Amino acid sequence: MAAPPGCCSACATCLLCPYSCRWITAKKEKRKGLRTTKCDCSWFFFLFCVFLFTLVWLYFAVIILNDFHNFNEFIFKQSKLWLDWSLVLLIATSVLISYSSVLLVLALFLQLCGQPLKLHWVHKILLILTALVVAAAFTGLGIKWAEEWKSARISLQATGPFLHIGVVGGMTLLAWPLASFIYRTRSTGLKVFLLLAYCAAMIALYLAPLGITSPCIMEENQLPPKPALVGHRGAPMLAPENTLMSLHKAVECGVQVFETDVMVSADGVPFLMHDEDLTRTTNVQAVFPDRTADNSTAFNWTELQRLDAGSWFLERKPFPTVESLSAADRNETRQQKIPSLGQALEAVKQSNISIMFDLRPENHSDYQNFVNVTLGVILQSGIPLQQVLWLPDGFRELVKQQAPGVQHVYGRKRLENEQEPLLHINLPYQDMSSEEIRQYRQDNISVNLYVVNQPWLFSVLWCSGVSSVTTNACQVLKEMKRPIWLLPSSTYLMIWIVVDCVSFLIILWAFFLMKKCSHRRRPAESETDVLLTKINNLMQE
């Protein structure tokens, strides 16, 4: 392949040094007669694939941030070490994508300058390691966190139109180095293959919006009401979860339902606690060092009241928002104790919101007694029963008999032959499609999806018509007055046509300019070849 100079020698040298690790000038490279071989082209293709692979992983990394607190809790249960692993994920991903991006940009500019693509062996090893690391990350995601594949599908409804524009733009810019390569290479077969592949890819991209669907492509007057907010264990970004402070912060955020978890102590007092043991959200290791592994239900109420349920929040900082707490909030946090269900019901009644809870652990041998004790506390509290949303499936018929006013929430979709119509369902956001949400809304079934923290996800569910969402970030979602984006179908059609037309014109311009430049260089190349031939003949004589 010919390699005529496409840019100044100094620029070419600056590009060659980091890519090829050859600390000599581009002129010396040319005198050595180096050319881009098929092996070099293969490594460039591998570089391009690694870049795309890493870019896709970056997209997944951003998407799974919505659920990453669950991953942090999972790691803590295994290792008893708390760390915000989302920072580790983002930093590592940023390093990998930056490295592959820089190499790819260098390679493209080297091609435009007509320099050889001699990738250094160190870069080759690092690229292989990058590909292996990303592959391992995807494998781990598929094995341990398979539901995130569904999250990615939902995310495409929020990002699809904009990803399309970005990919079209990137492929359009790729026309410049591609045209440069095609006009310089002498292999007709390779030229035809690259042109056909590029044209097929661009045609597919131009027509991609035919398959892009999003609930947020609608008219303004078709937008459903904003979903109600359900505080997941209160407002866990602003206060320790499952405490009275967290409940009050959730009320300040405007939540309509306080979602929590209830357990029953060894002496029969229902209290708020999510984990099976107390190590994550209390100082049980300091107060009862020999009982840290005991189940939460093994402690009596007097022992539970000795525990500090707030200081861990300031020490471990489960969310970045902890840093912004005021001095008064910090003092209040340190004073938090494990609340009883009775205390929570009184606070809910005074705040005029509802309470929704799970009763744990459902596999306990004395679970029926737990149900009876919990119902007793609810009935004695005097709270209007319509403000109580009952989640546990165990002994549900007993609950309907003893407290007929309680609202029952089901953790499943309706069945085909449902004898009793469902009025409220509570599911992970990955388990319901936009079409199902719309259908349930038409049938007057209240749908609550959990756990929704990111504005992009809240926007998609809002456009879909979901009734409410359970969230850790009530302070963020309450500020949203409308979805992040809302496009009428006619506007989106216009954007689609304009983007495709502009892209097509730029590609034609790129190939035209590259062809014109190649014609200008050929006479100079011919004269140089003749001169070098004469000099060689004279030296032989």
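Owing to the predicted nature of the structure, the values given are computational and were not obtained by experimental measurement.

Draft legend 1. Looking closely at the overall build of the chain. A count of helices and strands for the chain gives 21 helices and nine strands. Its C-alpha radius of gyration of 31 Å places the chain more than 25% over the 24 Å reference for a compact globule of 541 residues. Here the C-alpha coordinates of the chain stretch approximately 115 × 55 × 40 Å along the principal axes. Here the chain, with 541 residues, has 48% of them falling under the buried criterion. Relative to all contacts within the chain whose residues are 6 or more apart in sequence, the contacts with residues 24 or more apart total 68%. As presented, the chain carries roughly 26400 Å² of accessible surface, and 63% of it is formed by carbon and sulfur atoms. Of the side chains in the chain, 47 bear a positive and 44 a negative charge, and the two mean positions are spaced by 17 Å.

Draft legend 2. Geometry of the packing of helix α8 (residues 175-184) against helix α9 (residues 188-207). With their axes 10 Å apart at the nearest point, α8 and α9 run at an angle of 160° to one another. As judged from the angle between their axes, α8 and α9 are roughly antiparallel. Here the hand of the crossing between α8 and α9 comes out left-handed. Of the residues in α9, those touching α8 at Ala-175, Leu-178, Phe-181 and Ile-182 are Leu-190, Lys-191, Leu-194, Leu-195 and Tyr-198. Its residues assigned to classes, the contact of α8 with α9 comprises eight nonpolar, no polar and one charged.

Draft legend 3. Focus on the pattern of salt bridges. Tallying each qualifying case throughout the model produces 19 salt bridges. For Lys-150, the salt bridge identified is with Asp-431, shortest N-O distance 3.6 Å. Taken together, the residues Lys-150 in helix α7 (residues 148-173) and Asp-431 in the loop between β7 (424-428) and α18 (434-442) connect sequence positions 281 residues apart. Given a relative accessible area of 29%, Asp-431 falls into the partly exposed group. Between Glu-303 and Arg-291 there is a salt bridge; the shortest N-O distance is 3.0 Å. With Glu-303 in helix α12 (residues 301-304) and Arg-291 in the loop between α11 (284-287) and α12, this residue pair connects regions lying 12 residues apart in the sequence. Note on Arg-291: relative accessible area 21%, which makes it partly exposed. Members of the salt-bridge network, linked through shared partners, are Glu-73, Arg-233, Glu-241, Asp-275 and Arg-280.

Draft legend 4. Spatial organisation of the domain arrangement of the chain. With domains assigned, the chain is organised as domain 1 (8-145), domain 2 (152-214 + 487-520) and domain 3 (228-275 + 337-478). With 10 residues of domain 1 at the contact, the number on the domain 2 side is 12 residues. Of the roughly 870 Å² buried where domain 1 meets domain 2, counting both sides, 73% is carbon and sulfur surface. Among the residues domain 1 hides against domain 2, the three largest losses belong to Tyr-59, Gln-111 and Leu-112. Together they make up 57% of the total. Summed over the shared surface of domain 1 and domain 2, the result is zero salt bridges. The tally of links between domain 1 and domain 2 comes to four residue pairs in polar contact (both at pLDDT 80 or more). Every element with two or more residues in the side of domain 1 that touches domain 2 is listed here: α3 (38-63) and α5 (85-112). Per-element tally for the side of domain 1 that touches domain 2: the top contributor is α3, with five residues. Its residues assigned to classes, the side of domain 1 that touches domain 2 comprises eight nonpolar, two polar and no charged.

Draft legend 5. Just the UniProt feature "domain: GP-PDE" (unreviewed entry) in the chain, in detail. UniProt annotation of "domain: GP-PDE" (unreviewed entry) refers to residues 227-481 when read in the numbering used here. Taken as a whole, residues 227-481 contains 34% helix and 16% strand, while its terminal C-alpha atoms sit 11 Å from one another.

Draft legend 6. Structural view of the packing of helix α15 (residues 341-351) against helix α16 (residues 367-381). One way to put it is that α15 packs onto α16 with a least axis distance of 10 Å and a crossing angle of 35°. Considering how the two elements wind past one another, α15 and α16 form a crossing that is right-handed. Residues Leu-341, Gly-342, Leu-345 and Lys-349 of α15 lie in contact with α16, whose contacting residues are Thr-374, Val-377, Ile-378 and Ser-381.

Draft legend 7. A look at the packing of aromatic side chains. Under the definition given, this model contains 18 aromatic pairs. For the ring pair Phe-68 and Trp-145, a centre distance of 5.8 Å and an interplane angle of 65° mean the geometry is edge-to-face. Residue Phe-68 is located in helix α4 (residues 68-79), and its partner Trp-145 is located in the loop between α6 (121-144) and α7; the two are separated by 77 residues in the primary sequence. The exposure class assigned to Phe-68 is buried, which follows from its relative accessible area of 6%. Grouped by ring-pair contacts, the aromatic residues Phe-53, Trp-57, Phe-60, Phe-138 and Trp-149 constitute a single cluster. Between Arg-291 and the ring centre of Phe-288, over which it is positioned, the NZ or CZ distance is 5.5 Å. Over the ring of Phe-299 we find Arg-291; its NZ or CZ atom is 4.1 Å from the centre of that ring.

Draft legend 8. How the structure looks around unusual backbone geometry. Cis geometry is adopted by the peptide bond preceding Pro-361, which originates at Arg-360 and carries an omega value of -15°. Residue Val-451 follows Tyr-450 across a cis peptide bond; omega there is -20°. Within the secondary structure, Val-451 sits in the loop between β8 (446-450) and α19 (455-464). Positive phi outside glycine occurs at Arg-233, with the angle close to 60°. Of note, Arg-233 is situated in the loop between β1 (228-232) and α10 (244-252). We classify Arg-233 as buried; its relative accessible area is 5%. Unlike most non-glycine residues, Asn-242 shows phi in positive territory, near 55°. Summarising the element assignment, Asn-242 is placed in the loop between β1 and α10. We classify Asn-242 as buried; its relative accessible area is 5%.

Cut-offs used in this document
- Along each chain, residue indices are assigned from 1 in the same order as the chain's sequence is written.
- Owing to the predicted nature of the model, reporting of local features is limited to residues with pLDDT of at least 70; listing and counting of side-chain atom pairs is limited to 80 or more, with chain, interface and lining totals taken over all residues.
- With hydrogens and water set aside, each side-chain value is computed from the structure's full complement of heavy atoms.
- Runs of E in the DSSP output that reach at least two residues are strands. Runs of H or I that reach at least four are helices, and both are numbered from the N terminus.
- Restricting the calculation to C-alpha atoms gives the radius of gyration, and the globule rule supplies 2.2 Å times the number of residues raised to the power 0.38.
- When a residue's accessible area, from a 1.4 Å probe over protein chains only, is under 20% of the maximum for its type it is buried; when over 50% it is exposed; and in between it is partly exposed.
- Contacts are residue-level and defined by heavy atoms, with any inter-residue pair within 4.5 Å sufficient.
- Every accessible area reported is derived by Shrake-Rupley at a probe size of 1.4 Å, with residue values counting cover from the shown protein chains alone.
- His is not counted, nor are the chain ends; Lys and Arg add positive charge and Asp and Glu add negative charge.
- Note that the charge is assigned to NZ on lysines, CZ on arginines, CG on aspartates and CD on glutamates.
- Inter-axis angles, ranging from 0 to 180 degrees, are taken between N-to-C directions of lines fitted to C-alpha atoms, where helices are fitted over the stretch in contact.
- By definition in this entry, angles of less than 35 degrees are roughly parallel, angles greater than 145 are roughly antiparallel, angles of 65 to 115 are roughly perpendicular, and the rest are oblique.
- Crossing handedness: left-handed means the near helix sits turned counterclockwise from the far one by under a right angle, and right-handed means the same turn made clockwise.
- Amino acids are sorted into nonpolar (Ala, Val, Leu, Ile, Met, Phe, Trp, Tyr, Cys and Pro), charged (Asp, Glu, Lys and Arg) and polar (every other residue, Gly among them).
- Every case where a carboxyl oxygen of Asp or Glu lies within 4 Å of a side-chain nitrogen of Lys or Arg is listed as a salt bridge.
- As used throughout, domain bounds are those supplied by an automatic or database domain assignment.
- Note: buried area is the sum, over both parts, of the accessible area (probe 1.4 Å) each one loses when the two are combined.
- The term polar contact refers here to a pair of N or O atoms within 3.5 Å; inside protein, the definition further demands a hydrogen-donor-capable atom paired with an acceptor-capable atom, and it admits residues adjacent in sequence only when both atoms are side-chain atoms.
- UniProt positions are given in the numbering used here, feature names are shortened, and annotations may be inferred rather than shown by experiment.
- Aromatic pairs are defined between Phe, Tyr and Trp rings, using the six-membered ring for Trp, whenever the two ring centres lie within 6.5 Å; interplanar angles under 30 degrees are classed as stacked, those over 60 as edge-to-face, and all others as tilted.
- A positively charged side chain is recorded as over a ring if its NZ (Lys) or CZ (Arg) lies within 6 Å of the ring centre. The angle to the ring normal must also be within 35 degrees.

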